[in-house]
Protein chains: 2
Amino acid sequence: MHDLTPSLQDLLDRFRTGQRVALARAISLVENERPGFQAFLHHVLVQGLRAERVGLTGPPGAGKSSLVAALSAGWRARGDEVGVVAVDPTSPFSGGALLGDRIRMNDLATDPGMFIRSMATRGSLGGLAATTREVLDLMDGFGFPRLLVETVGVGQTELEITGAADTVVVVLVPESGDGIQAMKAGLMEIADIFVINKADRPGADRLLKEVRAAIHLRGRGGGGLPSDAGHHGVDLSSVAAKDGPGKEPRRWEPPEGWQIPVLKTVAHAGEGLDELRDALAAHRTHLVESGELEARRRARTEVRIRDVVERELRRRAWADPQARATLDAGPGRVLDGRDTPYSVAGEIVDGLLGAATGEGA
Amino acid sequence: MHDLTPSLQDLLDRFRTGQRVALARAISLVENERPGFQAFLHHVLVQGLRAERVGLTGPPGAGKSSLVAALSAGWRARGDEVGVVAVDPTSPFSGGALLGDRIRMNDLATDPGMFIRSMATRGSLGGLAATTREVLDLMDGFGFPRLLVETVGVGQTELEITGAADTVVVVLVPESGDGIQAMKAGLMEIADIFVINKADRPGADRLLKEVRAAIHLRGRGGGGLPSDAGHHGVDLSSVAAKDGPGKEPRRWEPPEGWQIPVLKTVAHAGEGLDELRDALAAHRTHLVESGELEARRRARTEVRIRDVVERELRRRAWADPQARATLDAGPGRVLDGRDTPYSVAGEIVDGLLGAATGEGA
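Residues numbered from 1 in each chain as written. Chains lettered and ligands numbered in written order. Predicted model: local features only at pLDDT ≥ 70, side-chain atom pairs only at ≥ 80, totals over all residues.

Engineer: How would you explain the nonpolar core if you had to name every residue and give the values?
Structural biologist: Of all hydrophobic cores here, the largest spans 170 residues; its most connected members are Phe194(A) and Phe194(B). Aside from chain neighbours lying at most four places away, what touches Phe194(A) is Val170(A), Leu172(A), Val211(A), Ile260(A), Pro261(A), Val262(A) and Leu263(A). (Core = buried A, V, L, I, M, F, W, Y, C linked by C-beta atoms within 7 Å. Buried ≥ 20, exposed ≤ 12 C-beta atoms within 10 Å, placed from the backbone. Contact = placed C-beta atoms within 7 Å.)

Engineer: Quick one: what's the story with the sheet that holds strand β1 (residues 52–58) of chain B, residue by residue and with numbers?
Structural biologist: All names here are of chain B. Here we have seven strands laid out as an open sheet, ordered β3-β2-β4-β1-β5-β6-β7, and parallel in their pairing. Across the chains shown, the open sheet's two edge strands, defined by having one partner strand only, are β3 (114–119) and β7 (262–264). Each adjacent strand pair in this sheet contributes to an overall mean axis angle of 20°, direction not counted. Here strand β2 (residues 82–87) runs beside β3; their pairing, made up of six bridges, is parallel. Counted as the bridge partner of Gly83 is Phe115 from β3. (Pairing = 2+ DSSP bridges. Helix = DSSP H or I, 4+ residues; strand = E, 2+ residues; numbered from the N terminus. Axes fitted to C-alpha atoms, helices over the stretch in contact; angles between N-to-C directions.)

Engineer: Describe helix α12 (residues 292–319) of chain B, with residues and values.
Structural biologist: Taking 1.5 Å per residue, 28 residues should reach 40 Å; α12(B) reaches 40 Å between its end C-alpha atoms and fits that length. Where burial is concerned, most of α12(B) is hidden: 21 out of the 28 residues are buried. (Expected span 1.5 Å × (residues − 1).)

Engineer: Hey, could you go over the domain arrangement of chain A for me, with residue numbers and the actual values?
Structural biologist: Note on interface size: it is often stated as the accessible area lost on association of the parts. All names here are of chain A. Here the domain parsing of chain A yields domain 1 (1–46), domain 2 (48–291) and domain 3 (320–357). Between domain 1 and domain 2, the residue contacts involve 10 residues of the former and 11 residues of the latter. When residues of the side of domain 1 that touches domain 2 are traced back to their parent elements, those giving at least two are α2 (20–31) and α3 (37–45). Ranked by residue count, the leading element in the side of domain 1 that touches domain 2 is α2, at five residues. Split by residue class, the side of domain 1 that touches domain 2 holds eight nonpolar, one polar and one charged. (Domains from an automatic or database assignment. Nonpolar A, V, L, I, M, F, W, Y, C, P; charged D, E, K, R; others polar.)

Engineer: A description of the pairing of strand β5 (residues 167–172) of chain A should follow, citing residues and the corresponding values.
Structural biologist: All names here are of chain A. Most of β5 is tucked away, with six of its six residues classed as buried. Residues Thr167, Val169 and Val171 of β5 are buried on one face, and the alternating residues Val168, Val170 and Leu172, pointing to the opposite face, are buried as well. Pairing between β5 and strand β6 (residues 193–196): four bridges, direction parallel. Each residue of the ladder has a partner; that of Val170, found in β6, is Phe194.

Engineer: How would you sum up α2(A)? Please name residues and give values.
Structural biologist: Residues and elements named next belong to chain A. With 12 residues, α2 ought to run about 16 Å at 1.5 Å a step, and its terminal C-alpha atoms sit 17 Å apart, in line with that. Taken as a whole, α2 has its buried residues at Leu23, Ala26, Ile27 and Val30. One side of α2 carries all its buried residues, which in axial view fall inside an arc of 100°. Turned more than 90 degrees away from the buried face of α2, the exposed residues are Val21 and Ser28. Once α2 finishes, Glu33 follows within two positions and takes phi at roughly 50°, a positive value. (Arc of directions from axis to C-beta.)

Engineer: I'd like to hear about unusual backbone geometry, residue by residue, with values.
Structural biologist: Residue and element names in this part refer to chain A. A positive phi angle, close to 50°, is found at Glu33, a residue other than glycine. When you line up the elements, Glu33 lands in the loop between α2 and α3. With 18 C-beta atoms counted inside 10 Å, the residue Glu33 sits in the partly exposed group.

Written out as structure tokens, the structure is:
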């Protein structure tokens, strides 16, 4: 499974010597799941990964892209190379514009020390999350020491970011009752750092107090929040939870000794960015010293194995001619009243795995 | 695969004689994927499905639950029984309260002609969508002629509702630029009917005009929208898209002869509800007469078969002792640097399907 074709071996060689064109081609290979993409990833990953990965999530319009641009510019000024993955159809990285920003996206886009990739949200969230993590791995393996991933966080999607980043920054804005909504949507549970962006607008201080109060309540285990699963009390196996071994949600350990900071920024004016960078560095130190980084990586590795197994099962299933033929004939059989999706699916699964492994019920 | 145990046969008998307790137990069976749940669904579905299914989606706070309650009350007044599934952690059906509503949720909850089920958004969206559709099937098979499904629609999730409902109602509110945001988020593409709820608030008429203009632009194929895939130009195979046969997104046919209405309602005061019910009835007639209902059901059946196959593959994979043992040992092997998630996953998949079916790359 892990032998490379000559052309992929050539791509890997050029990737390892730092050719950006090879990185771009490798990303396309993975995004399109072209033959050999898993073997290629194996060879990249076997050399080990080192980048510091920061995720930014929050509602649309919170200014996540501006923060990504501002953080990137700061790191670039110190000489650090930065890779960015934006998973947000409304992100300026996906073609929009950040008019009036002090940090111009164009400056970053033409900087050879930056690599920016936007990803569409087409297809399933689970599949998207898997591919996003693999693109981050490619950037990591290529040598970018700092990686930023931006996702729109509403409802379910924010859970995915904990599988992609070491440190999760939740970005809120003063408008529209984000404080309470965020707690309901589960953002409270995944934040390592809160940022109240556009903090020059009315309501910033009120939101700051609300978020701090919510953190305080949760710290006491006071049950004062709609969801109170604890810091990083997130089911990492969101993609596979119901189907996994034992079906028990696995959770991050509750944190020890990390006080979640709540910071104010005005990203487009560069305000509060130094404090955010300091908080990111402090959280990194905490992760390393507490052993939490190791624990998170271990949990992420298990999720990754499961994701890869499940994707490969799907891929091989629908590459099977008999399975495809049965699928193609299935709707007709069902609408004729002869079958149901369950009888057709059972036939397909038995053909793939053998009837002997059935549920026995 | 489709033989029932004696206790499930007993449950099916009581289900078929209309015992609500049996419906509730059947839903639990399916939600928890207990042994035999697929066989049970097969026996329910083989009798055919008849209910009219309406989906309501839109941003949090748009008043979808109030609309569901008001629509239900109207149908109940005519004697129609109504089943409701709410997939929204912030829905009043999930434990919140609708204070001040003219239609009291409590009245509906104690009405024997109503069956209300709220579903948590835990686990993957794909898995959630599959289970939601199965719960709707159970209510349908039980005999509810009208089904309403409420989902929070932001970003990706709204695509799922096209797989669960015959008619999709997109609910917007005047606040916070919902018009433009909705178009970006893909809501434009799935709406059969638009409702501007809370239409007594400022900005309702402006939003109405915006939405009508957007519909008009799209009708001309004018490319005036950020996404312009056409009416119901939705990849139904959102769960399985990248892995499916041929990897070609399958799309609904563009509509013929259906002008998407844009209605104003004030759900909690009961205003505009008659017009909405009329629009739903008109869309139903359109679906039947145009053949679109048949086309949608056919596309949904294929997606359902794929979903069931993929869920069953995951389920059997992680029920396999060898696969579980390899998964358990996997993170250690990867973090030791001996392996990558891809080499561990390859071992698991080869064990399940046999190495001969590999990708050959």
